[in-house]
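# Working through the structure, step by step
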Amino acid sequence: MATSVSTQDPFKYTTIAHSGHHYCSPLSSETAASLLAALQLQAGALVLDAGCGKAALLRDLLASQPVRGVGVDINPAFLAEAANAWTASNPGDGRLTLIASQLEQHPLPAGGYDAILCVGSTHALGGFEPSLALYRQWLKPGGMLLVGEGYWKRPPSNEYLMTLGATEDELSSHAKNIARALAQGFKLRLAMASSDEEWDWYEHMYCQAVMQYAASHPQDPDAPAFRDRARRWHDSYLAAGCSTLGFGFYLLEKS
Ligand SMILES: C[S@@+](CC[C@H](N)C(=O)[O-])C[C@H]1O[C@@H](n2cnc3c(N)ncnc32)[C@H](O)[C@@H]1O
């Protein structure tokens, strides 16, 4: 049966699909803690979370280190969740600023950032290389960039690319991501990749959230299309995604 989408809210599907996630990326709390510890920031450092989603990584950083954070995103529902979660666990703590804005247009701090987190959000600035180039400008000398970016574990099939709505040249390999960062003048401090378990959990939570929403909102005209979309996506993940698409974390220092 053909299904159609009636919603006018461009963020509705992704907000539902990520409703059960802490990070909107294939990232476990254990890996996140290792990556944040490796940042080694000074007290009072100013950190941007670019395309922050619910700003979970930034909130975890602020909870573990005496730094200040700015989260920028265009999804108001994610930002509202971030603000509520921060206020609930840190009443009166003004170290987190959340900005609803296109990333490129957000007000930059006069002295630049000490660190930038950009996990799964380089598309906001036109891709991996344009993002790295701009982040070099936004960082102070010696500043740290933690970027999470997809990569091909093996060449993608045309069928899988069609499901993703992507072209092969949009991503490269894990090693080439590192080479591209070095070519822009960054020093590599750490490289990691999401594990199969982190991917499985991310995709399971994504699909399950949409299925539960569709089942509990039978009156929503979007529900059938959302359910079909999530099912197709998860089938594609199991058939090809899990063996084709990787996700790397690159901790880079601006030299
Ligand atoms: C895959 S999610 C990652 C969110 C977060 N970094 C995390 O890992 O939990 C990508 C985020 O980028 C945001 N985004 C996309 N385009 C953007 C833009 N032009 N400016 C700011 N944020 C953007 C989306 O709204 C979404 O929250």
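Every value quoted in this text rests on a predicted model; they were computed, and no experiment measured them.

Rules of the game
The numbering scheme is per chain: residues are counted from 1 as the chain's sequence reads. pLDDT decides what is reported in this predicted model: residues at 70 or higher carry local features, side-chain atom pairs at 80 or more are listed and counted, and totals for whole chains, interfaces and linings draw on all residues regardless. Processing note: side-chain calculations cover all non-hydrogen atoms of the structure and skip hydrogens and water entirely. UniProt positions are given in the numbering used here, feature names are shortened, and annotations may be inferred rather than shown by experiment. Helix and strand definitions here come from DSSP, where helices need a minimum of 4 consecutive H or I residues and strands a minimum of 2 consecutive E residues; each element is numbered from the N-terminal end. Only protein atoms enter the 1 Å grid used here, on which a cavity is any set of points holding a 1.4 Å probe that cannot leave and a pocket is any open set flanked by protein within 12 Å on both sides along at least five of seven lines; residues with an atom within 4 Å of a point are listed as lining. Grid points are joined across faces, edges and corners, and a volume is the space filled by probe spheres set on the points. Asp, Glu, Lys and Arg are counted as charged, while Ala, Val, Leu, Ile, Met, Phe, Trp, Tyr, Cys and Pro are counted as nonpolar; the rest, among them Gly, fall into the polar class. Here a residue is near a molecule or strand as soon as one of its heavy atoms is found within 4 Å of it. Side-chain atoms alone can form a polar contact between residues adjacent in sequence; in general such a contact is a pair of N or O atoms within 3.5 Å, and within protein one must be able to donate a hydrogen while the other accepts it. At least two DSSP bridges between two strands are required for those strands to pair. Every axis corresponds to a line fitted to the C-alpha atoms, with the helix fit spanning only the stretch in contact, and the corresponding angles, defined between N-to-C directions, vary from 0 to 180 degrees. Residue contacts are counted whenever heavy atoms from the two residues lie within 4.5 Å of one another. Classification of residues uses two cut-offs on accessible area relative to the type maximum, computed with a 1.4 Å probe and protein chains only: under 20% is buried, over 50% is exposed, and between them is partly exposed. For this document, the term salt bridge refers to a Lys or Arg side-chain nitrogen within 4 Å of an Asp or Glu carboxyl oxygen. In these notes, a set of buried Ala, Val, Leu, Ile, Met, Phe, Trp, Tyr and Cys residues joined through side-chain atoms within 4.5 Å is what counts as a nonpolar core. Every residue gets a pLDDT, meaning the predictor's confidence in that residue, from 0 to 100.

### Some remarks on the UniProt feature "domain: Methyltransferase" (unreviewed entry) in the protein chain
Under the local residue numbering, the UniProt record ascribes the feature "domain: Methyltransferase" (unreviewed entry) to residues 47-143. Its end C-alpha atoms 10 Å apart, residues 47-143 is made of 35% helix and 28% strand.

### Quick notes on the layout of surface pockets
The computed volume of the second largest pocket comes to approximately 170 Å³. Forming the walls of the second largest pocket are 14 residues, and the residues nearest its centre are His22, Tyr23, Leu27, Ser28 and Trp201. Examining the composition of the lining of the second largest pocket, we find that five residues originate from one element, helix H8 (residues 196-216), more than from any other. Residues that form the lining of the second largest pocket fall into these classes: six nonpolar, six polar and two charged.

### Comments concerning the site of the ligand
The environment of the ligand is formed by 18 residues, the closest being Cys24, Ser25, Asp73, Gln102 and Val119. Here a nitrogen atom of the ligand and a backbone polar atom of valine 119 are 2.8 Å apart. For the shell around the ligand, the class distribution of residues is eight nonpolar, nine polar and one charged.

### Section: the sheet that holds strand E2 (residues 68-73)
One open sheet holds the seven strands; their spatial order is E3-E2-E1-E4-E5-E7-E6, and the pairing between them is mixed. Each of the sheet's edge strands pairs with one partner strand only, and the pair in question is strand E3 (96-100) and strand E6 (186-193). This sheet shows a mean twist of 15° between the axes of neighbouring strands, independent of strand direction. Summarising the sheet, strand E5 (residues 139-152) and strand E7 (residues 245-254) pair through nine bridges and their orientation is antiparallel. Bridge pairing in E7 links glycine 150 to phenylalanine 247. Contacting strand E1 (46-50), E2, E3, strand E4 (113-119) and E5, helix H3 (residues 56-64) crosses the sheet at an angle of about 175° to E2.

### Considering the pairing of E4
Buried residues dominate E4, accounting for six of its seven residues. Inspection of the sheet shows E4 paired to E5 by six bridges, in the parallel sense. Looking across to E5, one finds that isoleucine 116 is bridged to leucine 145.

### As for the pattern of salt bridges
Per the stated rule, a full pass over the model turns up nine salt bridges. Salt-bridge contacts for aspartate 220 lead to lysine 12; the nearest nitrogen and oxygen are separated by 2.7 Å. Here the residue aspartate 220 occupies a position in the loop between H8 and helix H9 (223-244), and lysine 12 occupies one in helix H1 (residues 12-17), the gap between them amounting to 208 residues. For aspartate 220, a relative accessible area of 12% puts it in the buried group. Lysine 12 gets classed as buried once you look at its relative accessible area, which sits at 18%. Across the pair aspartate 93 and arginine 95 runs a salt bridge, and its minimum N-O distance is 3.0 Å. Connected through salt bridges with shared partners, the residues Lys12, Asp220 and Asp222 form a single ionic network.

### Details of the nonpolar core
Leu39, Leu41, Val47, Leu57, Leu58 and Leu61 are the most contacted members of the largest nonpolar core, which totals 47 residues. The next biggest cluster of nonpolar side chains, apart from the first, holds 25 residues, and it includes Ala50, Leu125, Trp138 and Leu145.

### A look at the confidence of the model for the protein chain
Taken over all residues, the pLDDT of the protein chain has a mean of 96, while the share at 70 or more is 97%. The element-level mean pLDDT for the protein chain is lowest in helix H6 (residues 158-164), coming to 95, with E1 highest at 99.

### Some remarks on the side chain of glutamine 65
Checked against the element boundaries, glutamine 65 lands in the loop between H3 and E2. Within the structure, glutamine 65 has its side chain in polar contact with the backbone oxygen of leucine 36 (distance 3.0 Å). Each residue touching glutamine 65, except ones within four places of it in the same chain, is listed here: Leu36, Ala37, Leu41 and Arg95.

### Quick word on the pairing of E7
Counting buried positions over the ten residues of E7 gives ten, a clear majority of the element. Because side chains alternate across E7, one face comprises the buried residues Leu245, Phe247, Phe249, Leu251 and Glu253, and the other comprises Gly246, Gly248, Tyr250, Leu252 and Lys254, equally buried. Direction of pairing for E6 relative to E7: antiparallel, over a ladder of seven bridges. By the bridge assignment, alanine 193 is partnered in E7 with glycine 248.

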